[in-house]
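Architecture and fold: a report
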2 protein chains.
Amino acid sequence: MPRFLLALDYGGTKLSAALTTAHAREWLALERIISPPEHNAQYEQRAMLKLARKILNGKIPAAIGISFGGPVDFARGLVLLSHHVAGWENIFLRDQWRAEFGAPVEIDNDANVAALGEFKFGAGRACASLLYVTVSTGVGGGWIVDGKILRGADGVAGEIGHTIFDPNGPLCICGRRGCVEVFASGRAIARIARERLIAHPRAESRVRELIAAEITAQAVARAAQDGDEFAQSILDDAARALGFGIGTAITLLNPERVVIGGGVSKAGEKYFAAVRVAARANCLPQMRVEIVPAALGDDAPLWGAVALAQEIAQK
Amino acid sequence: MPRFLLALDYGGTKLSAALTTAHAREWLALERIISPPEHNAQYEQRAMLKLARKILNGKIPAAIGISFGGPVDFARGLVLLSHHVAGWENIFLRDQWRAEFGAPVEIDNDANVAALGEFKFGAGRACASLLYVTVSTGVGGGWIVDGKILRGADGVAGEIGHTIFDPNGPLCICGRRGCVEVFASGRAIARIARERLIAHPRAESRVRELIAAEITAQAVARAAQDGDEFAQSILDDAARALGFGIGTAITLLNPERVVIGGGVSKAGEKYFAAVRVAARANCLPQMRVEIVPAALGDDAPLWGAVALAQEIAQK
């Protein structure tokens, strides 16, 4: 009988559950739902359980891997909190799922799990070490070293979004000034677009049409891909900040490859080229700078959850 | 019969060779010589062989560990060059020593080897991960992760001296501007002292007495320890730059401990306190900041070489 692996992704705004078997490279079943606004942890738990039961359809999983969009105490299987969803403070999520299906469970934060996913199944295959960077609302990161997630002494390694790009820059949610995140995240790109449109009232840009509506990083990226120079220069600056942070990370760890995922990473080849130039300029000449887009897209955390489940199913 | 381990340290300005046994924690024999000015690789090889033969005194080593003060291709046992001594370009030093005594040999650069030494025998015992930072003429670093040296894809991980502190700062030997090294190294401290004495001709400082002679970081540190405020403020600024770099490294890797060695690390408790404050200010609140002085002093590379030798002697 095949050994079924259940992969769960608590994504903040959406929930995903998928089923596969130990050696398969595709989903037997996949369910995703967008969470309603103002939802909470209890809602997410009920909804995820429903998704899981639906795709399992009576089968018993051999192991469960979980990606959570927020800080996790890996050793204790404990969710510390969610920055997006209320009610997740100090929840022993691993034990809850173990109790539900009687199967071994492993849980980690989404950046670490996505790093593992890209390493095992995506753009980091055949690498001994990699840095995974996710650029979406915020900027996060995860390390794979010697084929394993490098979690750090407090489980918070990889915070590339909170390395400093400009100590005189804007205030970050972490309380310091000028973190890479306040220049390079999706939220930052939208903010900077808004600021520059106001500061340059006569600049021509398709982004301006959007100022009445909500300006998003996605809209800026779309305008840039349509040849809008105003939008492209905003993206170039964001890429410069991100590349600076990646260059610092390369200087310190010299990884074999850097994989960039998250919504902003889809901003186009020009954006990627600018990230590479900035990273190359911020590390030593003898260090390789191999920066590639993520291969698994939004499924990276789910595939990483499969990899987590594989490790414990094999025991 | 005890298994003898031979440890060698090519330090740039001095050569050291020491002998111990597998489980001993002290030297059976130790020899050190200061190299004459303008010496070269050939001289160092002859002199080191003489030291080794003297301390071995007819014994055959079970394994040899080597620390080299310059970049090394660990996998090939190849010295790439020395920044201090001519003639070290592309020397297969591992094979030379293996041929000499018929024993297995391992060789790595001094920052990595010193990190391993502090980890196994010094200020990093009982840690799972650590960053070792050496602050002497330059600023170097080495990582221990899961009990092993983390070398990186090109063998150059740990270059904390070349993370950027101020992108508008002075030019660094690496070709970029404002690296931690140009603010925090011994060379930098001496340069800054000289510049400030010239810029502030009426400032009172004991360092001024030294301007006729050569100003060294050691002299600045001594003056600071005697209560000289001018000297202390130079050290404080150097500590701030170093702490900034260490904070960045903590943000990215979240090590259990940071161990600081090298001549400048002996600049006193005030200096250390300033490094800690700056590091704490440059990482996230949930990350530990445990920064301690090296325990093995100048012997860290030798003890690390013992640890390298142990690993291969056990095979």
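The rules behind each value
Residues numbered from 1 in each chain as written. Chains lettered and ligands numbered in written order. Predicted model: local features only at pLDDT ≥ 70, side-chain atom pairs only at ≥ 80, totals over all residues. Heavy atoms only, no water. Pairing = 2+ DSSP bridges. Helix = DSSP H or I, 4+ residues; strand = E, 2+ residues; numbered from the N terminus. Axes fitted to C-alpha atoms, helices over the stretch in contact; angles between N-to-C directions. Buried < 20%, exposed > 50% of the residue type's maximum accessible area, 1.4 Å probe, protein only. Parallel < 35°, antiparallel > 145°, perpendicular 65-115°, else oblique. Left-handed = near helix turned anticlockwise from the far one by under 90°. Contact = heavy atoms within 4.5 Å. Nonpolar A, V, L, I, M, F, W, Y, C, P; charged D, E, K, R; others polar.

Let us look at the sheet that holds strand 12 (residues 291-293) of chain B. Residue and element names in this part refer to chain B. Read from one edge to the other, the open sheet built from five strands follows the order 10-9-8-11-12, with strand pairing classed as mixed. The two strands at the open ends of the sheet, each matched to only one other strand, are strand 10 (148-150) and strand 12. In this sheet, adjacent strand axes meet at a mean angle of 30 degrees when their direction is disregarded. Here five bridges tie strand 8 (residues 129-135) to strand 11 (residues 257-261), and the two strands are oriented parallel to one another. Paired with Tyr132 across the bridge in strand 11 is Val259.

Turning next to the pairing of strand 9 (residues 139-145) of chain B. All names here are of chain B. Of all the seven residues making up strand 9, seven are buried; the element is thus mostly covered by neighbouring parts of the structure. Of the two faces of strand 9, both are covered, the one formed by Val139, Gly141, Trp143 and Val145 as well as the one formed by Gly140, Gly142 and Ile144. Bridge analysis of strand 8 against strand 9 gives seven bridges, and the strand direction is antiparallel. Bridging across to strand 9, Thr134 finds its partner in Gly140. Hairpin remark: strand 8 followed by strand 9, antiparallel, with three residues in the connecting loop. With three bridges joining them, strand 9 and strand 10 adopt antiparallel strand pairing.

Another aspect to go through is the packing of helix 5 (residues 186-199) of chain A against helix 7 (residues 229-253) of chain A. Residues and elements named next belong to chain A. Packing of helix 5 against helix 7 brings their axes to within 10 Å, and their N-to-C directions diverge by 135 degrees. When the axis of helix 5 is compared with that of helix 7, the two are oblique. Judged by the sense of rotation from one axis to the other, the crossing of helix 5 with helix 7 is right-handed. From helix 5, Ile189, Ile192, Ala193, Arg196 and Leu197 reach across to helix 7, where they touch Phe230, Ser233, Ile234, Leu235, Asp237 and Ala238. Residue classes in the contact of helix 5 with helix 7 are distributed as eight nonpolar, one polar and two charged.

The values reported here are purely geometric and, on their own, carry no functional implication.
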